[in-house]
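Here are the chains, one letter per residue:
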Amino acid sequence: MLEKALLGGWKYWLWILGLLAVCLIGGLCYLWQFNVGLGITGLGRDVAWGFYIAQFTFLVGVAASAVMVVLPYYLHDYKEFGKITILGECLAVSAIIMCVSFILVDMGQPLRLMNIMLHPTPNSMIFWDVIALNGYLALNALIGYVTLSAERNGVPPPAWIKPIIILSIPWAVSIHTVTAFLYAGLAARPFWLTAVLAPRFLASAFASGPAILILLCMVIKRVSRFDAGSVAVGKLAVIATYAMVVNVFFVLMELFTAIYSGMPEHISHFQYLFAGLGGDATLVPWMRVSVALAVLALALLLNPGTRRREWTLSVACLAIFGSIWIDKGLGMVVTGFIPTPLGRVAKYWPTAPELMISLGVYAAGLLLLTAFYKIVLSVRGETAA
Amino acid sequence: MINRKEFLKAAGCAALAAVTGRWAAAAETASKAGRPQSAEEAARPRHERRPRASRQWGMAVDLRKCWKDEGCRDCIAACHQEHNVPDLGNPKEEVKWIWKEPFEHAFHGEGHDFEKAGLGDLPTPLLCNHCEKPACAKVCPTKATWRREEDGIVMMDWHRCIGCRYCIVACPYGSRSFNWRDPRPFIKKVRAEFPTRTRGVVEKCTFCEERLAQGKPPACVEACKAKALVFGDLSDEGSEVRKLLKSNFSLVRKPGLGTRPKVYYLAP
């Protein structure tokens, strides 16, 4: 089945080669980092986690969001999602591989990574995250392979896969919950010390994931004969709408608690994010864009007319993606460190090699996703003529 | 005869017991690691074991004495020389085991509008607090940092650390440093008796456990001419540090977080 990813026209190969080039540049930058140390990034003693861990967090959400197609299809027998369920599972597999890669590039001693397995430590949330993520990867890879093989052979999927599919539903929730627990259990970091962090992660994931899936469906429709169908896309749009509303609601809850309680150590982080603190307004323009995009997305999605029209829906999905990427991929992690526990406004901005390594990881993920989708479409005989 | 339902119940209970039993056993071995136990002690039933005689190292920083010479850096120099701590000359990548921080940052959020003039600027020595409930050790995914039960020192294994920096994220005191690049070229004079570190691992103060093993006080304590750093066994009521704490007003950093620091500041 894998060989199907190797057959394609010149446009396909141009895309593949472009991604490979970005991977190569990222890989070279990583070699540099591997030899010199994480000092080539913008990270430092005060902001110890940054862009890498933020991308990891964002992508765990993308991976978890596959449950938004799996659940309706397998649990509620919602047939319209039949064609796109596998697309969601492939997206999950690619996203998890990107997550693991971002963890790997963030390690000071990547060659010692297996120490996590050699010295299992259940009191560390990293231990549970490793189990959750690898388990989810295995589940989705297995489910995707078995269901697609059955489809190729023109038979229904074997009965034994059904309980595994059902298991993948709570497992999807667990990966983002445990990822939130990495942050939400630290007394040292008031910004993350909030019970709504895990629910908020899930809400933002269930908005951004379906938004990405809608955009992917639109792209695939243009480059192949595959059509997800307007009903399925419309339902995804409704899911993204609800999730985005809940996400914005949770953010407002956080703001209320921080601002009304008036506790400086809770307010100061939000000040840094939205107004600037101690003369540092690095993230302020980004966060304002994030808010504007959230408002735009909600305006377009809550109005049934614009939600159903393809081009306005695509704008809404891009807006969701942008808004949540800025929030999780840029603001959420770094702001936990600013101000520092000693009350200093530390500075952080990713360096060029740090960004190139991150781009390399994204390119590798896209490469995988492209190959997966190519295989799926080839099996269904829906590739471009 | 038992019926199907009863059988399933019994089987379920047995499976659960097996699983929880294994967990309990694993947890017990983990908590015992690094804590030698006499054969006699181990032979007793669990509930009859006596609490082991153990120390709890701690330090009192007498700020009155320390602030007599605000420019003094003797403790820092002695510690950093003793432990091959590099001087990178770059605050972003700084490695430090003991350092000074203006009082308002050392005790961030504790000040008020009408406090003693100039108090906030006074340089206050900071180091690892060797917490009784160390957040760093709790989050470490490889047990590369842990609290040594017999003397309360929060230890660090530079050979096991994977450099994930979760401990730095979890520490509320900024007491941990990461080697953002190879530290060796930045060590002024390498002391052969103490290991140097490699890039990509975390390090911090260990209360000079290697000196304590030889019956010597920590290097910073020895170097302090003002005798502002008082080190001793907190579990011994007669120790100097306990006497000082009993007779003086003292502070610990961020007591509300429940970490129970073992470095105390005697307030002026």
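Note that the coordinates shown come from a computational prediction; the quantities given were computed from them, not determined experimentally.

**Q** Would you mind going over the overall build of chain A with me for this structure?
**A** On a plain count of helices and strands, chain A comes out with 14 helices and 0 strands. Reading the secondary structure of chain A in the N-to-C direction produces α-α-α-α-α-α-α-α-α-α-α-α-α-α. Scaling as 2.2 N^0.38, a compact globule of 385 residues should have a C-alpha radius of gyration of about 21 Å, and chain A matches this with 21 Å. Taking the principal axes of its C-alpha atoms as reference, chain A extends roughly 65 × 50 × 40 Å. For chain A, restricting intrachain contacts to residue pairs at least 6 apart in sequence, the fraction spanning at least 24 positions comes to 77%. Taking the 23 positively charged and 16 negatively charged side chains of chain A as two groups, their mean positions are separated by 5 Å.

**Q** Before we go on, may I ask you to explain the pairing of strand β2 (residues 98–102) of chain B in this structure?
**A** Regular strands place their side chains on alternate faces of the sheet. Residues and elements named next belong to chain B. β2 sits mainly inside the fold: 4 of its 5 residues count as buried. In terms of strand pairing, β2 meets strand β3 (residues 123–127) through 5 bridges, oriented antiparallel. Along β3, the bridge assignment pairs lysine 100 with proline 125.

**Q** So what exactly am I meant to see when it comes to unusual backbone geometry here?
**A** Glycine aside, residues mostly have negative phi angles, and peptide bonds mostly take the trans form. In this model, isoleucine 338 of chain A is joined to proline 339 of chain A through a cis peptide bond whose omega is 0°. In this fold, proline 339 of chain A is placed in the loop between α13 (310–335) and α14 (352–379). Phi at lysine 227 of chain B is positive, roughly 55°, even though this residue is not glycine. Tracing the backbone shows lysine 227 of chain B in the loop between α9 (219–223) and β8 (229–233). Look at arginine 260 of chain B: it is not a glycine, yet its phi comes out positive at around 55°. Relative accessible area serves as the criterion here: at 48%, arginine 260 of chain B is assigned to the partly exposed category.

**Q** Any chance you could explain a negative patch on the surface here in plain terms?
**A** All names here are of chain B. Taken together, the side chains of Asp69, Glu70, Glu104 and Asp121 present a region of like negative charge at the surface. Tracing the chain through its elements places glutamate 70 in the loop between α3 (63–66) and α4 (74–82). Given a relative accessible area of 42%, glutamate 70 falls into the partly exposed group.

**Q** Looking at this model, I keep getting lost on the interface of chain A and chain B. Mind explaining?
**A** One widely used convention gives an interface's size as the accessible area the parts lose upon coming together. Taken together, the contacts link 44 residues of chain A with 48 residues of chain B. Approximately 3,700 Å² of surface area, both sides summed, lies buried where chain A meets chain B, with 53% of it carried by carbon and sulfur atoms. The three residues of chain A that bury the most area against chain B are Arg45, Arg112 and Leu342 of chain A, which together make up 23% of that side's buried surface. The tally of links between chain A and chain B comes to 2 salt bridges. Here arginine 165 of chain B and aspartate 106 of chain A are joined by a salt bridge, their closest N and O atoms 2.7 Å apart. Joining chain A to chain B, the criterion identifies 32 residue pairs in polar contact (both at pLDDT 80 or more). Class assignment of the residues belonging to the side of chain A that touches chain B gives a composition of 25 nonpolar, 14 polar and 5 charged.

**Q** Explain the packing of aromatic side chains here, please?
**A** Within a pair of aromatic rings, the relevant descriptors are the distance that separates the centres and the angle that separates the planes. Scanning all chains against the criterion turns up 26 aromatic pairs over all chains. One aromatic cluster is present, built from ring pairs that chain together Trp49, Tyr183, Trp192, Phe201 and Phe337 of chain A together with Tyr166 of chain B. One Lys or Arg, arginine 197 of chain B, reaches over the ring of tryptophan 158 of chain B and ends 4.9 Å from the middle of that ring.

**Q** Hey, could you run me through the side chain of asparagine 84 of chain B in this one?
**A** Residues and elements named next belong to chain B. By the element assignment, asparagine 84 lies in the loop between α4 and β2. A residue is classified by how much of its surface remains accessible, and asparagine 84, at 1% relative accessible area, is buried. Here the side chain of asparagine 84 touches arginine 191 through a polar contact of 2.7 Å, landing on its backbone nitrogen. Within the structure, asparagine 84 has its side chain in polar contact with the backbone oxygen of phenylalanine 194 (distance 2.8 Å).

**Q** Explain the confidence of the model for chain B here, please?
**A** Interpretation of the predicted coordinates at a detailed level should be avoided for regions scoring low in pLDDT. All names here are of chain B. A residue-level look at chain B finds 80% of positions with pLDDT of 70 or above and a mean pLDDT of 87. Segment residues 19–37 is flagged for pLDDT under 50; beyond a separation of four residues in sequence, or across chains, it makes 14 contacts in the model. With pTM at 0.89, the complex prediction returns an ipTM value of 0.93.

**Q** So what exactly am I meant to see when it comes to a nonpolar patch on the surface here?
**A** A contiguous nonpolar patch, built from Leu24, Leu28 and Leu31 of chain A and spanning about 310 Å² of accessible area, is present on the exposed surface. Leucine 28 of chain A gets classed as exposed once you look at its relative accessible area, which sits at 52%.

**Q** Please clarify how the pattern of salt bridges should be interpreted in this entry.
**A** Pairing between side chains becomes possible if they bear opposite charge and their charged atoms approach one another. Evaluated as defined, the whole model comprises 24 salt bridges over all chains. Residue arginine 344 of chain A pairs with glutamate 101 of chain B through a salt bridge whose shortest N-O separation is 2.1 Å. With one member in each of two chains, arginine 344 of chain A in the loop between α13 and α14 and glutamate 101 of chain B in strand β2 form a pair that bridges those chains. Residue glutamate 203 of chain B pairs with arginine 197 of chain B through a salt bridge whose shortest N-O separation is 2.8 Å. This pair shows no difference in class: glutamate 203 of chain B is buried, exactly as arginine 197 of chain B is. Residues joined by salt bridges that share partners form a network here, namely Glu82, Arg191, Glu193, Arg211 and Glu222 of chain B.

**Q** What should I look at first to understand the nonpolar core in this one?
**A** One broad rule of soluble globular proteins: the nonpolar side chains tend to lie buried together. Formed by 184 residues in total, the largest nonpolar core has its most connected members in Ile84, Leu87 and Tyr183 of chain A together with Met59 of chain B. No other element matches helix α8 (residues 197–223) of chain A, which puts 16 residues into this core. Residues in contact with methionine 59 of chain B, not counting those within four places in the same chain, are Leu127, Phe207, Cys220, Val221, Leu229, Val230, Phe231, Val241, Lys262, Val263 and Tyr264 of chain B. Residues Ala60, Val241, Leu245 and Val252 of chain B belong to the second largest nonpolar core, which totals 9 residues.

Scoring rules and cut-offs
Residues numbered from 1 in each chain as written. Chains lettered and ligands numbered in written order. Predicted model: local features only at pLDDT ≥ 70, side-chain atom pairs only at ≥ 80, totals over all residues. Heavy atoms only, no water. Helix = DSSP H or I, 4+ residues; strand = E, 2+ residues; numbered from the N terminus. Rg over C-alpha atoms; globule rule 2.2 N^0.38 Å. Contact = heavy atoms within 4.5 Å. Lys, Arg positive; Asp, Glu negative; His and termini not counted. Charge placed at Lys NZ, Arg CZ, Asp CG, Glu CD. Buried < 20%, exposed > 50% of the residue type's maximum accessible area, 1.4 Å probe, protein only. Pairing = 2+ DSSP bridges. Patch = residues over 30% accessible without salt bridge, like charges linked within 9 Å, V, L, I, M, F, W, Y side chains within 5 Å. Areas by Shrake-Rupley, 256 points an atom, 1.4 Å probe, with all protein chains shown as cover. Salt bridge = Lys/Arg side-chain N within 4 Å of Asp/Glu carboxyl O. Buried area = accessible area lost by both parts, 1.4 Å probe. Polar contact = N/O pair within 3.5 Å; in protein donor to acceptor, adjacent residues only side chain to side chain. Nonpolar A, V, L, I, M, F, W, Y, C, P; charged D, E, K, R; others polar. Phe/Tyr/Trp six-rings, centres within 6.5 Å; stacked < 30°, edge-to-face > 60°. Lys NZ or Arg CZ within 6 Å of the ring centre and 35° of its normal. pLDDT = per-residue confidence, 0-100. Core = buried A, V, L, I, M, F, W, Y, C linked by side-chain atoms within 4.5 Å.

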